[in-house]
Amino acid sequence: MTLELKDIKNIRKKFSLTQSDLAQRANVSQSMIAKIESGHLEPTYSNAMKIFDALNNLSKEKELTAKDIMEKKIISVTPNENIKKAISLMKKHEISQLPVIQNNTPTGTISESAILNNIIGNKSATIVKEIMLDSPPSISIKTPIRIITDLLQSFPIIIINDKGKIVGIITKADLIRNIYK
């Protein structure tokens, strides 16, 4: 994150830090923080870097990870299940897509769009694997929210792994629900 001196006060307040708290984390004086924030002091490069490093480290400490926002209850289907089963699960749980998982390995996704395309196109697919889409990306429980946000720009669902085992999923709805609590 690129910071400027004028940003210090807003970021400090965002993390509910006092000037003394920030000064202690940055190993500078509280009066220096006060003077910088009021615009009465232009700090040396090294002191500015100490403050910026402290703020960047604080941002990383407070940043949400996949573990914090993932949905642990994974509703999925297997490639050989009937499409009607997928539709039933989507209706029951009010969701628009499902991961397709076989032997704890994601093999694809099935979505309302894929099902509608099958119906509208007068296709006769009845098994999930006949209309499923590519497998979604799989990430660690430690993946930061900034990467998750980028992935959700291109994929409707993300699989969360911990030590090779699927432990959750994240959709855009999960992201929004956890950011705007």
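Refer to the preceding data block for the structure.
Analysis parameters
- Residues numbered from 1 in each chain as written.
- Predicted model: local features only at pLDDT ≥ 70, side-chain atom pairs only at ≥ 80, totals over all residues.
- Heavy atoms only, no water.
- Helix = DSSP H or I, 4+ residues; strand = E, 2+ residues; numbered from the N terminus.
- Rg over C-alpha atoms; globule rule 2.2 N^0.38 Å.
- Buried < 20%, exposed > 50% of the residue type's maximum accessible area, 1.4 Å probe, protein only.
- Contact = heavy atoms within 4.5 Å.
- Lys, Arg positive; Asp, Glu negative; His and termini not counted.
- Charge placed at Lys NZ, Arg CZ, Asp CG, Glu CD.
- Pairing = 2+ DSSP bridges.
- Axes fitted to C-alpha atoms, helices over the stretch in contact; angles between N-to-C directions.
- 1 Å grid on protein atoms, 1.4 Å probe; cavity = no way out; pocket = protein on both sides within 12 Å on 5 of 7 lines; lining within 4 Å.
- Points joined across faces, edges and corners; volume = space filled by probe spheres on them.
- Arc of directions from axis to C-beta.
- Parallel < 35°, antiparallel > 145°, perpendicular 65-115°, else oblique.
- Left-handed = near helix turned anticlockwise from the far one by under 90°.
- Nonpolar A, V, L, I, M, F, W, Y, C, P; charged D, E, K, R; others polar.

## Notes on the overall build of the protein chain
Inference 1: For the protein chain, the helix and strand inventory stands at 10 helices and 5 strands.
Inference 2: By the compact-globule yardstick of 16 Å for 181 residues, the protein chain is too spread out, its C-alpha radius of gyration being 23 Å.
Inference 3: Here the C-alpha coordinates of the protein chain stretch approximately 75 × 35 × 25 Å along the principal axes.
Inference 4: Scored against the burial criterion, the 181 residues of the protein chain give a buried share of 41%.
Inference 5: Taking all contacts inside the protein chain whose residues are at least 6 apart in sequence as the whole, residues at least 24 apart take part in 52%.
Inference 6: Of note, the protein chain has its 26 positive side-chain charges centred 4 Å away from the centre of its 18 negative side-chain charges.

## Some details on the sheet that holds strand S3 (residues 138–140)
Inference 1: With respect to topology, 3 strands assemble into an open sheet ordered S3-S4-S5, the strand pairing being mixed. At either end of the open sheet lies a strand with only one pairing partner, and these are S3 and strand S5 (165–171). Each neighbouring strand pair of the sheet contributes to a mean axis angle of 35°, computed without reference to strand direction.
Inference 2: Relative to S5, strand S4 (residues 157–162) runs antiparallel, the two sharing 6 bridges. Residue pairing for S5: Ile160 is matched across the bridge by Gly168.
Inference 3: Packing against the sheet, helix H9 (residues 145–152) makes contact with S3, S4 and S5, and its axis sits at approximately 140° to S4.

## Quick word on the layout of surface pockets
Inference 1: Of the pockets and cavities examined, the second largest pocket occupies roughly 270 Å³.
Inference 2: Glu71, Ile95, Ile169, Thr171 and Asp174 are, among the 15 residues lining the second largest pocket, the residues nearest its centre.
Inference 3: Of all the elements in the fold, those that place two or more residues in the lining of the second largest pocket are strand S1 (97–102), S5 and helix H10 (172–179).

## Structural notes on helix H7 (residues 112–120)
Helical geometry note: an α-helix holds 3.6 residues per turn, so side chains three or four residues apart project in the same direction.
Inference 1: Restricting attention to buried positions, one finds in H7 the residues Ala114, Ile115 and Asn118. Across the axial projection of H7, the buried residues extend over an arc of 100°, all falling on one side. Exposed and facing more than 90 degrees away from the buried side of H7 are Ile119 and Ile120.
Inference 2: Of the surrounding elements, those touching the buried residues of H7 are helix H6 (83–93), strand S2 (105–111) and helix H8 (128–131).
Inference 3: Following H7 by one or two positions, Asn122 adopts a phi angle in the positive range, close to 50°.

## Overview of the pairing of S2
Inference 1: Bridge analysis of S1 against S2 gives 6 bridges, and the strand direction is antiparallel. Looking at S2, one finds that Pro99 is bridged to Thr109.
Inference 2: The hairpin formed by S1 and S2 contains 2 residues between the paired strands, and Asn103 there has a positive phi angle of roughly 55°.

## So, the packing of helix H2 (residues 19–26) against helix H3 (residues 30–38)
Between two packed helices, what matters for the description is the angle formed by their axes and the separation of those axes.
Inference 1: Running from N to C, H2 and H3 cross one another at 115°; their axes reach a closest spacing of 8 Å. The angle between H2 and H3 falls in the class roughly perpendicular. For H2 against H3, the interelement crossing comes out right-handed. Where H2 approaches H3, its residues Gln19, Ser20, Leu22 and Ala23 are matched on the opposing element by Gln30, Ile33, Ala34 and Glu37.
Inference 2: Residue classes in the contact of H2 with H3 are distributed as 4 nonpolar, 3 polar and 1 charged.

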